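# Inside the fold
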Amino acid sequence: MTTGHTIAVLGTGHMGFPMARRLCEAGYTVHAWNRSPHKAAPLKAFGAVLHAQAADAVRAADVVISLLENGAVVGAVLFGDGSTGKACTPVAQAMKAGSLFIDMASIQPREARDHAARLGELGIAHLDAPVSGGPAGAEEGKLAIMAGGKAGDFERALPLLRHFGHATHVGPHGSGQLAKLANQMIVGITIGAVAEALLFTARGGADMARVREAITGGFADSRILQLHGQRMVERDFAPRARMDIQLKDLRNALATAQEIGFEAPITALFEQLYADAAEHGLTDLDQSGLFVELASRNGMS
């Protein structure tokens, strides 16, 4: 990268940890911070420098990567928005002028645009670059990365992003988050379609596993049919991406749709289905656990 080789990673959970580790293994100097320090501790064995305060992690960084929980947390860490009562220096105050902040968390597009504008006033560049692919994609460096921001900043970040997967510049600030919401709309809706279709065949007397096998390779095939469909067949709903996260993403999509004057009736329908599943105590299941909600509605639990 033209900006140097010192990277700060904020947030080392299921996604952040393997991504930070990959940067260490690629030879970058990595400074890491996590709100729960024990989650960052194993990175020390890979050469990362650990910090108790986010501001300390970013002071020497040319690029700061955020993998935090949501927009409110990103705002709090960056600017001290919604103070938690701790006397911590906001990250934006500690970052070097000319550095680049890459927000890989999934937040609302309007939040990304706001963060970009506020950082720009401080001479700090910004990309919103959420990802799809889950922890397995992070481990393998096979994430899909959707980046919004200035084209020059994307080109500057591209050598770094390639360690995580395939990155595409999709438009100005906020566009990366729009693309991620589109991704989650398609995922959530398709999970529901697969679950309903498989249950439909089972009610009619077909073998659900064989039906899934039969339509694999046809026009109805998809990664959702292959991965989530198999979980449905096996009744394996251990959480990889939880139901409540999918519900949050659909609600963010609907909120954004309202902001931009777009009608999204299919997303609204599935938001209600996931909300019903949550109300029925299914929030800790994998998002493919929508199958359980639909099965219950049909007396097929």
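As a reminder, the structure under discussion sits directly above these lines.
## Digging into the environment of A257
Mapping A257 onto the fold places it in helix α12 (residues 243–260). Judged by its relative accessible area of 7%, A257 is buried. If we ignore the near neighbours within four places in the chain, the residues touching A257 are F262 and A264.

## Here's the deal with the pairing of strand β2 (residues 29–33)
Remember that side chains alternate between the two faces of the sheet whenever the strand is regular. Most of β2 is tucked away: four of the five residues are buried. Here five bridges tie strand β1 (residues 6–10) to β2, and the two strands are oriented parallel to one another. Bridged to L10 within β2 is W33. A crossover connection joins β1 to the parallel β2 through helix α1 (residues 16–25); in handedness this β-α-β unit is right-handed.

## Regarding the side chain of E271
Tracing the sequence through the fold places E271 in helix α13 (residues 265–279). Ignoring any residue separated from it by four or fewer positions in sequence, one finds E271 in contact with L247, L250, R251 and L254.

## A word on the pairing of strand β6 (residues 125–128)
Burial along β6 is two-sided: the residues A125 and L127 and H126 and D128 are all buried. Where strand β5 (residues 100–103) lies against β6, four bridges are found, and the strand directions are parallel. Along β6, the bridge assignment pairs L100 with A125. With two bridges connecting them, β6 and strand β8 (residues 143–149) associate as antiparallel partners. Along β8, the bridge assignment pairs D128 with G148.

## Some words on the packing of aromatic side chains
By the definition in use, this model includes two aromatic pairs. Judged by centre distance (6.5 Å) and plane angle (80°), the rings of F17 and F46 are edge-to-face. Pair noted here: F17 is in helix α1 and F46 is in the loop between α2 (37–40) and β3 (49–50), with a separation of 29 residues, a long-range link. Judged by relative accessible area, F17 falls into the buried class, the value being 17%. F46 gets classed as partly exposed once you look at its relative accessible area, which sits at 37%. A cation over a ring is seen here: R118 above F79, with NZ or CZ 3.9 Å from the ring centre.

## A closer look at the packing of α12 against α13
Running from amino to carboxyl end, α12 crosses α13 at an angle of 145°, the nearest separation of the two axes being 9 Å. The chirality of how α12 crosses α13 is left-handed. Contact residues: α12 offers M243, Q246, L247, L250, R251, A253 and L254, while α13 offers T267, A268, F270, E271, Y274, A275, A277 and A278. Class assignment for the residues of the contact of α12 with α13 results in 11 nonpolar, two polar and two charged.

## What about the pattern of salt bridges?
This model, assessed by the stated rule, comprises 15 salt bridges. One salt bridge connects E293 with R297, and the closest N-O pair in it is separated by 3.0 Å. Pair noted here: E293 and R297 are both in helix α14 (residues 290–297), with a separation of four residues, about one helical turn. One salt-bridge network, in which partners are shared between bridges, spans R21, E25 and E139.

## Here's the deal with helix α4 (residues 71–79)
Of all nine residues that make up α4, seven are buried, and the element is covered over most of its length. Near the N-terminus of α4, the side chain that reaches the backbone nitrogen of A72, with its oxygen 3.1 Å away, is that of N70. At the exit of α4 stands G80, carrying a positive phi of roughly 80°.

Calculation criteria
Residues numbered from 1 in each chain as written. Predicted model: local features only at pLDDT ≥ 70, side-chain atom pairs only at ≥ 80, totals over all residues. Heavy atoms only, no water. Helix = DSSP H or I, 4+ residues; strand = E, 2+ residues; numbered from the N terminus. Buried < 20%, exposed > 50% of the residue type's maximum accessible area, 1.4 Å probe, protein only. Contact = heavy atoms within 4.5 Å. Pairing = 2+ DSSP bridges. Right-handed = clockwise from strand over helix to strand, strands pointing away. Phe/Tyr/Trp six-rings, centres within 6.5 Å; stacked < 30°, edge-to-face > 60°. Lys NZ or Arg CZ within 6 Å of the ring centre and 35° of its normal. Axes fitted to C-alpha atoms, helices over the stretch in contact; angles between N-to-C directions. Left-handed = near helix turned anticlockwise from the far one by under 90°. Nonpolar A, V, L, I, M, F, W, Y, C, P; charged D, E, K, R; others polar. Salt bridge = Lys/Arg side-chain N within 4 Å of Asp/Glu carboxyl O. Polar contact = N/O pair within 3.5 Å; in protein donor to acceptor, adjacent residues only side chain to side chain.

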